[in-house]
Amino acid sequence: MRGQEARDQAQRKAVMATLAQSTGDDIVRLWNEAGLPSEAELLRGPETGLVTVRGRIGGGGAPFNVGEATVTRATVRLASGQVGHCYALGRDRQKAKLAAIADALWQDPALRREVETKLIAPLQAALASARERRRAETAATKVDFFTMVRGED
Amino acid sequence: MYVAVKGGEAAIANAHALLADRRRGDRSVPALRLDQIVEQLALGVDRVMSEGSLYDRELAALAIVQARGDMIEAIFLVRAYRTTLPRFGYTKAIDTGAMLVERRVSATYKDLPGGQLLGPTFDYTHRLLDPELAAGRDVAEPQQRASEAEAMPRVSAILAREGLIEPDGDMPQDHVPGDITREPLEFPMARDIRLQALSRGDEGFLLALGYSTQRGYARNHPFVGEVRIGEVELELDVAELPFAVPLGSVRVTECQMVNQFKGSAKAPPQFTRGYGLVFGQSERKAMAMALCDRALRASEFGEDVVAAAQDEEFVISHSDNVQATGFVEHLKLPHYVDFQAELDLVRRMRAEHDARENAGKAEEKREAAE
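Conventions we followed
- Residues numbered from 1 in each chain as written.
- Chains lettered and ligands numbered in written order.
- Predicted model: local features only at pLDDT ≥ 70, side-chain atom pairs only at ≥ 80, totals over all residues.
- Contact = placed C-beta atoms within 7 Å.
- Helix = DSSP H or I, 4+ residues; strand = E, 2+ residues; numbered from the N terminus.
- Pairing = 2+ DSSP bridges.
- Core = buried A, V, L, I, M, F, W, Y, C linked by C-beta atoms within 7 Å.
- Buried ≥ 20, exposed ≤ 12 C-beta atoms within 10 Å, placed from the backbone.
- Axes fitted to C-alpha atoms, helices over the stretch in contact; angles between N-to-C directions.
- Parallel < 35°, antiparallel > 145°, perpendicular 65-115°, else oblique.
- Nonpolar A, V, L, I, M, F, W, Y, C, P; charged D, E, K, R; others polar.

### A word on the interface of chain A and chain B
With 50 residues of chain A at the interface, the matching set in chain B holds 67 residues. Counting residues per element, the ones that place at least two in the side of chain A that touches chain B are helix 1 (2–21), strand 1 (41–56), strand 2 (63–77), strand 3 (83–89) and helix 4 (112–139) of chain A. Considering every element that reaches the side of chain A that touches chain B, the biggest residue donor is strand 2 of chain A, with ten residues. Where strand 1 of chain A lies against strand 2 (residues 87–90) of chain B, three bridges are found, and the strand directions are parallel. Paired with Leu 50 of chain A across the two strands is Arg 87 of chain B, which belongs to strand 2 of chain B.

### Comments concerning the nonpolar core
Membership of the largest hydrophobic core comes to 94 residues, with the highest contact counts inside it found for Ala 88 of chain A together with Leu 247 and Cys 292 of chain B. The dominant element in this core, judged by the number of residues it contributes, is helix 3 (residues 93–107) of chain A, at nine residues. For Ala 88 of chain A, the residues in contact, after removing those within four places along its chain, are Leu 19, Ala 20, Val 71, Thr 72, Lys 95, Ala 96 and Ala 99 of chain A together with Leu 247 and Gly 248 of chain B.

### Some thoughts on the pairing of strand 2 of chain A
Burial analysis of strand 2 of chain A places 13 of its 15 residues in the buried class, the great majority of the element. Sheet topology places strand 1 of chain A next to strand 2 of chain A; 13 bridges connect them, and they run antiparallel. Note on strand 2 of chain A: the bridge partner recorded for Arg 56 of chain A is Pro 63 of chain A. Between strand 1 of chain A and the antiparallel strand that follows it, strand 2 of chain A, lie six residues; Gly 58 of chain A among them carries a positive phi value of about 70 degrees. Here strand 2 of chain A pairs with strand 1 (residues 54–55) of chain B via two bridges, running parallel. Of the residues in strand 1 of chain B, the one forming a bridge with Glu 68 of chain A is Leu 54 of chain B. Summarising the sheet, strand 2 of chain A and strand 3 of chain A pair through seven bridges and their orientation is antiparallel.

### With respect to the packing of helix 3 of chain A against helix 4 of chain A
All names here are of chain A. Taken N-terminus to C-terminus, the directions of helix 3 and helix 4 make an angle of 135 degrees; their axes are 6 Å apart at the nearest point. Judged by the angle between their axes, helix 3 and helix 4 are oblique. From helix 3, Ala 102, Leu 105 and Trp 106 reach across to helix 4, where they touch Arg 112, Val 115 and Leu 119. For the contact of helix 3 with helix 4, the residue count by class is five nonpolar, no polar and one charged.

Printed below as a string of structure tokens:
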């Protein structure tokens, strides 16, 4: 059971990561296409605040504060009782609210599959392809060194 | 002493209306949209985020427009906005080793795991103005190259294997990272606090100081071990969830400067390091920060503090351009009463001076006559 719980948490975290990385426009578009329910009681927010971003001295040493970033968060409760949260960089309140509802819906075993296939999977695919394109564009600028042979041997 | 003087309300209101008009400029020219600034003046946006110490591209773009392109004014606007928001906490420390790299070069190793990736760089351009850009020519899609995802360890880790470089900077186990946005500056300061101040410091100021170290004022033989630019993921521990919540990604630039060190009574000969980490794409700033970080560690290595770049109080107290511009620019605000007081003082001193001169001349005349 403990293993199952850890797997669930890892999956939920991955869902929240996908929602946080995606744009509000993409989430709204897929939400409307999927016809997912968007009624929920707002327990908190959506509200915008700051987080202080930390780095590490030398890359891997002691932590230090680099600067701040805007984050918008929301917490919602569904009629069925599930409570969902969202924290995402930026100031998109509608995105934060929908992402919190998505987190709550995902926790409902009856709806998890639908949320995953109609919302999370397409978002993940879009993110993965954007990441892959960026990687390939960077890879095209990789320096291939070659040795010049001078004179005769 | 301050004495309240009223007046100028209408002049101020009209000046602000005139500012709004001049900011907009010729109405027959389309107004800038924020997304145009975010996309096409991206490095300006990055500078405002870095020195404004707030990662939010749209807000930085808004600040740039509102400030008519005056970067320090834009940075000031962003700093002021920050103070209006509640704080949700400190993120977990980012892992630059896991970065989605967009550029990564090393001047110390030709062949290194992950390779040299030039990315979108101005390096090797001819610095010739491009008339085609002015004509709004279409831009081709960039090349792509299929390749396996490769691990890209930090260069410092490669040198560390031989034990020839000092480790990443550690602090005592129970050390809580200092935060200059919460506590006033105190000298001497720990390296973590110095790095926070440098990361939001003025690019021009840090660049000049870094340059001064290269020209012989606190010379420390630097090499760029590595510069990397790319996106890193942020996570935040929150009370309501049993795991760190993912927030999304930010783009940062990291510089590992490697410096020669001949050793001291306390440490064997080895390479030492300066570190730079800033928001956005700005390797000039990250490199300057790393040079300053290393110079400011002089006393740690028993080096003589002889140059401005090594003087912690001098560097950190003057690196913040919002503070600097506030104090310099306040000089133009009304100082009528202060000035009147000084005017009275100078008049009195001048009268006393003249009286002494006249008395001296009268004395000389009398002596000459006698």
